[in-house]
Amino acid sequence: MASINTSLTKLLGIKTPIVAAPMAGASGGALAAQVTLGGGFGFLSAGYDSVDKLKHEINVARDLLRKDGDLSTVLPIGVGFLVWQLEKSPEAGEQLLLTALENHVQAIWLSFGADLGRWINFIREHDPRADSSDAVKIFVQTSIVEEAVSAIQSWKVDVIVAQGNEAGGHGLGKSLPIINLLPLLDSVVSKLNGPPLLAAGGISSGAQIASLLTLGVSAVVLGTRFLLSPESQYSNVQRQALLEAESSQSVRTMAFDYARNTLGWPQGIDGRGLRNATVDDYERGEEIRTIQEKYVNGVKAGDKDRIVIWAGSGVGQMKEIMSAKKIVETLHAECVQSLRNASQLVL
Ligand SMILES: Cc1cc2nc3c(=O)[nH]c(=O)nc-3n(C[C@H](O)[C@H](O)[C@H](O)COP(=O)(O)O)c2cc1C
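Residues numbered from 1 in each chain as written. Predicted model: local features only at pLDDT ≥ 70, side-chain atom pairs only at ≥ 80, totals over all residues. Heavy atoms only, no water.

Novice: Residues and numbers for the side chain of serine 175, please.
Specialist: Inspection of the secondary structure assignment puts serine 175 in the loop between strand S7 (169–172) and helix H8 (178–191). Separated by 3.5 Å, the side chains of serine 175 and serine 143 make a polar contact. The residues touching serine 175, leaving out its near neighbours within four places in the chain, are Ser143, Gln163, Gly164, Asn165 and Leu181. (Helix = DSSP H or I, 4+ residues; strand = E, 2+ residues; numbered from the N terminus. Polar contact = N/O pair within 3.5 Å; in protein donor to acceptor, adjacent residues only side chain to side chain. Contact = heavy atoms within 4.5 Å.)

Rendered as structure tokens:
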């Protein structure tokens, strides 16, 4: 099968411009490694994890990628961090980042914090390979033009991910849809001679990937699609709910952060997930304590009408569970076919 050549595939040495998002509570080492084995690039999420948990997940990836204990060669996966979690407890945050660097992961992804620059400086100062071509590649995900400008001019990141309103999980509530956000960020990247620009949000098919490549992105980022793989850490109940969901069930809300007590996100950030009784209660103005009690019981019982099931607006088009490797291979083949079909339109 043909490769697809973009500035991101060259930067990372991969075959297909498909990246699996770091998903807190859902992507560990197995998912990240299988995406990379499929020809794309996989992130695991350090999200709310401890250093020990992160080490464990990196080792899972290392075994699957057959990199043994050799820390001198790059480990072709990335680790994603929620910056507001690092900021909550900076010493623990630094230990998490050092763990990723010691393990020579190829990339680090940062999002959702008050001061991303502080953490990017820390990473560069502590990366033993900072001055070589093996230096860790820094990805920043954003929906905000000003943040993209800082990412290029001040932080000099290696990759910018544009996150559209369609994206599953957390994001800017007022973000534009990806098709409107991309031209804004693309013009900033072009004007400032910035790094590769990626698109995230609502993507479910190879044809959509082809259309985004023709809009000028260097790769796409998918999250929800990979939840529907055996390697994701979602439960069978969560996966089944995703399979059955229509796209209209995917809504932006703070209900689950109140229910789980995971508050502390930067201003304007909420989460996109499947509407259920937790969301209905929250919108009706139910007491938060009652919502929390029902949520805790719902988690114990595995009740899909109470628990959180993050999902982007493309969820309605996802009707099959497949290995993460097969998802990448299938999307790649569809994308190549769509690009070939599109080129036939030109006389
Ligand atoms: C379950 C889940 C957890 C997520 N966790 C994170 C995270 O820890 N950090 C982050 O930057 N983005 C996170 N996201 C958002 C993704 O980075 C990405 O923008 C999104 O998945 C793309 O949209 P899609 O899900 O429609 O493909 C998460 C998304 C999902 C679905």
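Novice: Describe in detail the pattern of salt bridges, supporting the description with residues and values.
Specialist: Taken as a whole and assessed by the stated rule, the structure comprises 13 salt bridges. Of the charged contacts, one joins aspartate 49 and lysine 53 as a salt bridge, the two residues approaching to 3.9 Å between their closest N and O atoms. A relative accessible area of 31% means that lysine 53 is categorised as partly exposed. The salt bridge partner of glutamate 283 is arginine 275, with a shortest N-O separation of 3.1 Å. Salt bridges linked by common partners bring Asp281, Arg284, Lys294 and Arg306 together as one network. (Salt bridge = Lys/Arg side-chain N within 4 Å of Asp/Glu carboxyl O. Buried < 20%, exposed > 50% of the residue type's maximum accessible area, 1.4 Å probe, protein only.)

Novice: An account of the sheet that holds strand S4 (residues 105–111) is requested, with residue identities and associated values reported.
Specialist: Strand order around the closed barrel formed by eight strands is S1-S2-S3-S4-S5-S6-S8-S9, with parallel pairing between neighbours. Direction aside, neighbouring strands of the sheet carry axes that sit 25° apart on average. Relative to strand S5 (residues 137–142), S4 is paired through four bridges, and the arrangement is parallel. Within S5, the residue paired with leucine 110 across the bridge is valine 140. Together, strand S1 (18–20), strand S2 (41–45) and strand S3 (75–82) form the strand contacts of helix H2 (residues 29–37), whose direction differs from that of S2 by roughly 170°. Helix H9 (residues 206–214) rests against S1, strand S8 (197–200) and strand S9 (219–222) of the sheet, and its axis sits at about 135° to S9. (Pairing = 2+ DSSP bridges. Axes fitted to C-alpha atoms, helices over the stretch in contact; angles between N-to-C directions.)

Novice: Break down the nonpolar core for me, with residues and values.
Specialist: Counting 106 residues, the largest nonpolar core has Phe81, Ile108, Leu110, Phe139 and Phe226 as the members making the most contacts within it. Of the domains in this structure, domain 1 (7–234 + 320–343) and domain 2 (236–301) are the two that each give at least three residues to this core. One finds Leu82, Phe112, Leu172 and Trp265 within the second-largest nonpolar core, a separate group that totals six residues. (Core = buried A, V, L, I, M, F, W, Y, C linked by side-chain atoms within 4.5 Å. Domains from an automatic or database assignment.)

Novice: Provide a residue-level description of the packing of aromatic side chains, including the pertinent values.
Specialist: For the structure shown, the criterion picks out nine aromatic pairs. Taken together, a centroid distance of 6.2 Å and an interplanar angle of 20° make the contact between tryptophan 109 and phenylalanine 139 stacked. Residue tryptophan 109 is found in strand S4, and its partner phenylalanine 139 is found in strand S5; the two are separated by 30 residues along the sequence. Overall, the relative accessible area of 3% leaves tryptophan 109 in the buried class. Given a relative accessible area of 0%, phenylalanine 139 falls into the buried group. Between the aromatic rings of phenylalanine 112 and tryptophan 265, the centroid separation amounts to 5.5 Å while the plane-to-plane angle is 75°, which identifies the pairing as edge-to-face. Residue phenylalanine 112 is found in the loop between S4 and helix H6 (116–126), and its partner tryptophan 265 is found in the loop between helix H12 (255–260) and strand S11 (269–274); the two are separated by 153 residues along the sequence. For phenylalanine 112, a relative accessible area of 13% puts it in the buried group. Each residue in the set Phe41, Phe43, Trp109 and Phe139 is aromatic and connected to the rest through ring pairs, giving one cluster. The cationic tip of arginine 118 hangs over the ring face of tryptophan 119; the distance from NZ or CZ to the ring centre is 3.8 Å. (Phe/Tyr/Trp six-rings, centres within 6.5 Å; stacked < 30°, edge-to-face > 60°. Lys NZ or Arg CZ within 6 Å of the ring centre and 35° of its normal.)

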